[in-house]
Amino acid sequence: MKITNSFRSHFIREILLPLVAVLVITFIAASATLSWATVKNNQDALKVQHGIIHASLLQSAEEMRQQQQSLAQWRLLIEHLQAASLDVPWMDENIGGWLSQMFNHQLVYILSAGQQIRYRWERPGMAANGYADEVVENARRWQADAPAIQPLQRVALIRLGGRPAMLAVSSIGASSDPRNADLLISVRFIDADYLQALSERSHLQGLRIIEDGNPLPLPARYTLRNLQGQAVGVLSWQPDKPGSRMLRFIGPVVLVVVIIITIICIVMIRRLWLSSLRLSSTLLQLSASEAQAQHIAFHDVLTGLPNRALVENRLNHSLLAAQKQSVALLLLDLDRFKNVNDTFGHHAGDSLIVEVANRLLPLVNNVDTVGRLGGDEFVIIYHPEKSARSVALLCQNIIDALNRPFMLLGNEAWVGVSIGVAIAPQDAVDRQEMMRKADIALYEAKHQGRGQCCLFAARMDESIKTRQLMASELRQALQQEKLQVYYQPLMNIDGSRVMGLEALLRWHHPGKGFVPPAEFIPIAEETGQIVQLGEWVLREACRVARQWPQLSIAVNVSPIQFRSAGFVERISEIVRSEQADSQQIELEITEGVLMDDTQEAKVIIDGLRAAGFRIALDDFGTGYSSLNYLSHFPVDKIKIDRSFIQSLDSGENATAIIESVVKLGHAMGLTVTAEGVETSSQMSALAEAGCNQLQGYLFSEAIPPDRIASLLSSGDYSG
Ligand SMILES: Nc1nc2c(ncn2[C@@H]2O[C@@H]3COP(=O)(O)O[C@H]4[C@@H](O)[C@H](n5cnc6c(=O)[nH]c(N)nc65)O[C@@H]4COP(=O)(O)O[C@H]3[C@H]2O)c(=O)[nH]1
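Model, not experiment: these values are computed from the prediction. (Residues numbered from 1 in each chain as written. Predicted model: local features only at pLDDT ≥ 70, side-chain atom pairs only at ≥ 80, totals over all residues. Heavy atoms only, no water.)

A word on the nonpolar core. In this structure, Phe 562 and Leu 608 are the most contacted members of the largest nonpolar core, which totals 79 residues. Counting residues per element, this core draws most heavily on helix α14 (residues 529–547), at ten residues. Here Leu 608 is in contact with Phe 562, Phe 567, Val 568, Ile 571, Leu 587, Phe 613 and Ile 615, once residues within four sequence places are set aside. Core analysis: the next-biggest nonpolar cluster, separate from the first, contains 32 residues, Ile 399, Leu 402, Phe 406 and Ile 423 among them. (Core = buried A, V, L, I, M, F, W, Y, C linked by side-chain atoms within 4.5 Å. Buried < 20%, exposed > 50% of the residue type's maximum accessible area, 1.4 Å probe, protein only. Helix = DSSP H or I, 4+ residues; strand = E, 2+ residues; numbered from the N terminus. Contact = heavy atoms within 4.5 Å.)

On to the site of the ligand. Surrounding the ligand, one finds 20 residues, the nearest of these being Arg 506, Asn 556, Asp 618, Glu 678 and Tyr 697. Here a nitrogen atom of the ligand sits 3.0 Å away from a polar atom, N or O, in the side chain of Gln 488. For the ligand, an oxygen atom lies 2.8 Å from a polar atom in the side chain of Asn 556. Protein coverage of the free-state accessible area of the ligand, which is 790 Å², stands at 84%. (Near = heavy atom within 4 Å. Polar contact = N/O pair within 3.5 Å; in protein donor to acceptor, adjacent residues only side chain to side chain. Areas by Shrake-Rupley, 256 points an atom, 1.4 Å probe, with all protein chains shown as cover.)

Now for a nonpolar patch on the surface. A contiguous nonpolar patch, built from Leu 255, Ile 259, Ile 263 and Val 267 and spanning about 350 Å² of accessible area, is present on the exposed surface. Assignment of secondary structure puts Val 267 in helix α6 (residues 242–298). Judged by relative accessible area, which is 40%, Val 267 ranks as partly exposed. (Patch = residues over 30% accessible without salt bridge, like charges linked within 9 Å, V, L, I, M, F, W, Y side chains within 5 Å. Salt bridge = Lys/Arg side-chain N within 4 Å of Asp/Glu carboxyl O.)

Let us now look at the sheet that holds strand β15 (residues 453–455). The strand order across the open sheet formed by five strands is β10-β11-β9-β14-β15, and the pairing between neighbours is mixed. Each edge of the open sheet is held by one strand with a lone partner, namely β10 (369–374) and β15. Each adjacent strand pair in this sheet contributes to an overall mean axis angle of 20 degrees, direction not counted. In the sheet, strand β9 (residues 327–334) pairs with strand β14 (residues 417–424) via eight bridges, with the strands oriented antiparallel. In the sheet register, Leu 332 faces β14, and the bridge partner there is Ile 419. (Pairing = 2+ DSSP bridges. Axes fitted to C-alpha atoms, helices over the stretch in contact; angles between N-to-C directions.)

This part covers the pattern of salt bridges. Here the structure, examined in full by the defined rule, presents 33 salt bridges. The salt bridge partner of Lys 639 is Glu 675, with a shortest N-O separation of 3.7 Å. Here Lys 639 is found in strand β22 (residues 637–640), whereas its partner Glu 675 is found in the loop between β23 (671–674) and α22 (680–689), with 36 residues between them in sequence. In this structure Lys 639 comes out as buried when scored by relative accessible area, which is 0%. Overall, the relative accessible area of 10% leaves Glu 675 in the buried class. Through salt bridges with shared partners, a single network forms among Glu 433, Arg 436, Lys 437, Asp 461 and Lys 465.

Across the sheet, which stays open at both edges, the three strands sit in the order β6-β8-β7 with antiparallel pairing between neighbours. Looking at the sheet topology across the chains shown, the edges are occupied by β6 (205–210) and β7 (221–225). With strand direction ignored, the average angle separating the axes of adjacent strands in the sheet is 25 degrees. With respect to the sheet, helix α5 (residues 192–202) is in contact with β6 and β8 (231–238), its orientation differing from that of β6 by roughly 140 degrees.

This part is about the pairing of β8. Remark: a regular strand shows side chains that alternate across the two faces of the sheet. The element β8 is extensively covered by neighbouring structure, given that six of its eight residues are classed as buried. Here five bridges tie β7 to β8, and the two strands are oriented antiparallel to one another. Pairing of Thr 223 across the sheet is with Val 234, part of β8. The antiparallel pairing of β7 with β8 creates a hairpin that spans five residues between the two strands, and Gly 229 there sits at a positive phi of about 90 degrees.

With that settled, consider helix α13 (residues 517–527). Listing the buried residues of α13 in full gives Phe 520, Ile 523 and Ala 524. The buried side chains of α13 occupy one side of the element, clustering within an arc of 100 degrees when seen end-on. Each element contacted by the buried residues of α13 is listed here: α12 (458–479), β17 (498–509), β18 (513–515) and α14. Remark: Gly 528 follows α13 within two positions and exhibits a positive phi of approximately 85 degrees. (Arc of directions from axis to C-beta.)

Let us look at the packing of aromatic side chains. Taken as a whole and assessed by the stated rule, the structure comprises six aromatic pairs. For the ring pair Tyr 131 and Phe 189, a centre distance of 5.1 Å and an interplane angle of 55 degrees mean the geometry is tilted. Note that Tyr 131 is positioned in helix α4 (residues 131–145) and Phe 189 in strand β5 (residues 183–189), a separation of 58 residues in sequence. Residues Trp 507 and Phe 520 carry aromatic rings whose centres are separated by 5.5 Å and whose planes lie at 90 degrees to one another, so their mutual orientation is edge-to-face. A residue pair is termed long-range when its members are at least 10 positions apart, and Trp 507 in strand β17 and Phe 520 in helix α13 qualify at 13 residues. Pair check on accessibility: Trp 507 and Phe 520 agree, each one buried. A cation over an aromatic ring shows up here: Arg 163 above the ring of Phe 189, its NZ or CZ 4.3 Å from the ring centre. Positioned above the aromatic ring of Phe 406, the side-chain terminus of Arg 359 is 3.7 Å from the ring centre. (Phe/Tyr/Trp six-rings, centres within 6.5 Å; stacked < 30°, edge-to-face > 60°. Lys NZ or Arg CZ within 6 Å of the ring centre and 35° of its normal.)

Every buried residue belonging to helix α16 (residues 567–577) is among Phe 567, Val 568, Ile 571, Ser 572, Ile 574 and Val 575, and all of these are buried. Buried residues of α16, seen end-on, are gathered within an arc of 155 degrees and therefore sit on one face of the element. Facing away from the buried side of α16 by over 90 degrees, the exposed positions are Glu 569 and Arg 576. Looking one or two residues past α16, Gln 579 carries a phi angle of roughly 55 degrees, positive in sign.

All right, on to the pairing of strand β20 (residues 585–589) then. Of all the five residues making up β20, five are buried; the element is thus mostly covered by neighbouring parts of the structure. Alternating residues of β20 divide into Ile 585, Leu 587 and Ile 589 and Glu 586 and Glu 588, and every residue in both groups is buried. Where strand β19 (residues 552–556) lies against β20, four bridges are found, and the strand directions are parallel. Looking at β20, one finds that Asn 556 is bridged to Glu 588. Across four bridges, the pairing between β20 and strand β21 (residues 614–620) is parallel. Paired with Leu 587 across the strands is Ile 615, a residue of β21.

The next subject is the confidence of the model for the protein chain. Residues with a pLDDT of 70 or more make up 95% of the protein chain, whose mean pLDDT is 89. Mean pLDDT per element in the protein chain: helix α19 (residues 627–630) is the minimum at 67, and β19 is the maximum at 98. ipTM for the predicted complex: 0.97, alongside a pTM of 0.54. (pLDDT = per-residue confidence, 0-100.)

Along the chain, Ala 424 connects to Pro 425 via a cis peptide bond; the corresponding omega equals 10 degrees. One can find Pro 425 in the loop between β14 and α11 (431–447). Here the phi dihedral of His 203 falls at roughly 65 degrees; this positive angle occurs in a residue that is not glycine. Residue placement: His 203 occurs in the loop between α5 and β6.

Okay, the side chain of Arg 431 next. Considering the arrangement of structural elements, one finds Arg 431 in helix α11. On the basis of relative accessibility, which here comes to 18%, the residue Arg 431 falls in the buried class. If we ignore the near neighbours within four places in the chain, the residues touching Arg 431 are Glu 312, Leu 315, Asn 316 and Leu 319.

As structure tokens, then:
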């Protein structure tokens, strides 16, 4: 799996660092709490130990006081002291020795009221130290300070011979004024024995006396003070540290927990890394397929060009800036694409579309858009630098590019293109309006003949509106049977006899009066109404045919109607239902019908002929006029267009053309009719050329059916 640098740094920044930070903070907080609890526990314990030392010393002092007091009030001692001479052996045994052996007092003195030492007992080895004076000095001071109303009983720490010691002084006897009493004095040094006892009492270990000036910070220390509050020594001990004990117990557990948490975190981070990696690659794939989906949603699959949605989007953008930079919208429609598709198949059609796209792309700049709307419709959003001139140039380039032949399956094919152009801001600034106007211009381009480019003009819009109105009025007229069919006679060559009638549609518009078919037939073709219209005309013509069985009745068939599904069957059915003879009906088709799809046209023509209809090729000479072409189609008649007939008067060339058409027509066994014969000279020329039938105002205009009878019975045309 490929790891991108940005993914790595993102993971480190967003996941790893915060997680490590949380971990570190948690560990620091846990350590701090643990160490704080340890210290606090130790400190609290130390305070308690201080209290224990203090209480133990007090208790020890109180015991010393009680030990002394029992002797100080002893009657035998008082009697012995009242004797003239002191019984020292008795004193040693009962006072000094007793206090020393029983209670470990090391120095014992009795001071007489006259301030003389009357009795002295000093533990062996201590007499030489001369403690007596110092002890007596302290005792005298206490005696002097003592209140007169009660016996003196005092125990306090003193410093004796540079060592701390416990001094106890009691007045002997029951005298209420201790200042005149004998004093029992005893001393107990704070020595190893004392400390041992103190340790047992207090349960503190390592008790020892240290020098007060000890620079070492000893947390477990207790300053021994005399009555004046002066330090006489410092007690130190090995402190009990429950906090540290707890730490020793909890510490390893916490450490193990920390290690376990760290391992879990490492495993989690690793898993997170792997799943993030998977997620990231899934997201990458997703965004890639999203981009692909986006591309498909906005591009034409065949050519890869922007599709309608993207074109509309880009057009919207371009139109936003249209006030500053004009925008041209070109709608392109290939002229003979259907032909190519039908002749060479859909694969060839697809390659043609791709080739068209390839030819269009180099004609525009990067800022412009070439798109495909579907089928053979292309669109270009063009940003012209020099307004209409450069648009016209582009159009010409497009027409030239698409006029060049296309190589399809080893064959050359020609298509050509019609282009409609709308330019913003002058034509419109709104997308839909631009599309509509470019479409109108395209319609106009096609209408003018293929291979054209038309810039939108306001009049086109008007004509479109007029056409739309006309289409709806025509629909109404057809529904309400306001249309009529007139009939124009087809004459024999000398104009003496009516051979047939051509059915021609007439529309007397309530407001506009007579509307020529040339105006409304194309509209009916565009809207598809022509199928219904044509069938209605045929139905009317059948009635006339039934009435005049000796005449052929010609009916115009539009290319749209000709190619509509089930055409042959439907018109056969109409003729049958109207009880007419199909052999009496002559269907007039134009060359265009044959050109568009020769194969299909041939099948339809064969079908019509099999159904009994005769086929006439109308307006002959206006289209491709290829007689060679005719050999492929089994038609019965050609009708030379009236433009040729009218040019008969102006030059010999027309005569020659007509003569050769007639000759070839005859050679193919076809009847040749001349349309639009207006003068007798035209009639004579056509007769000379060998035409078979004539049609024109010279004989009659199209007339309503109720006048056919009078036309036929008039002496002129009854033959
Ligand atoms: N200047 C001149 N014109 C003459 C002369 N003799 C006949 N015409 C006109 O020439 C046209 C002949 O019909 P078209 O070539 O089939 O041309 C027809 C045909 O293509 C189409 N059309 C008319 N009726 C129908 C219809 O029922 N169905 C279809 N599909 N097309 C129709 O409309 C076209 C025009 O029809 P119309 O206006 O009736 O025009 C008719 C007719 O009135 C003449 O001596 N001089």
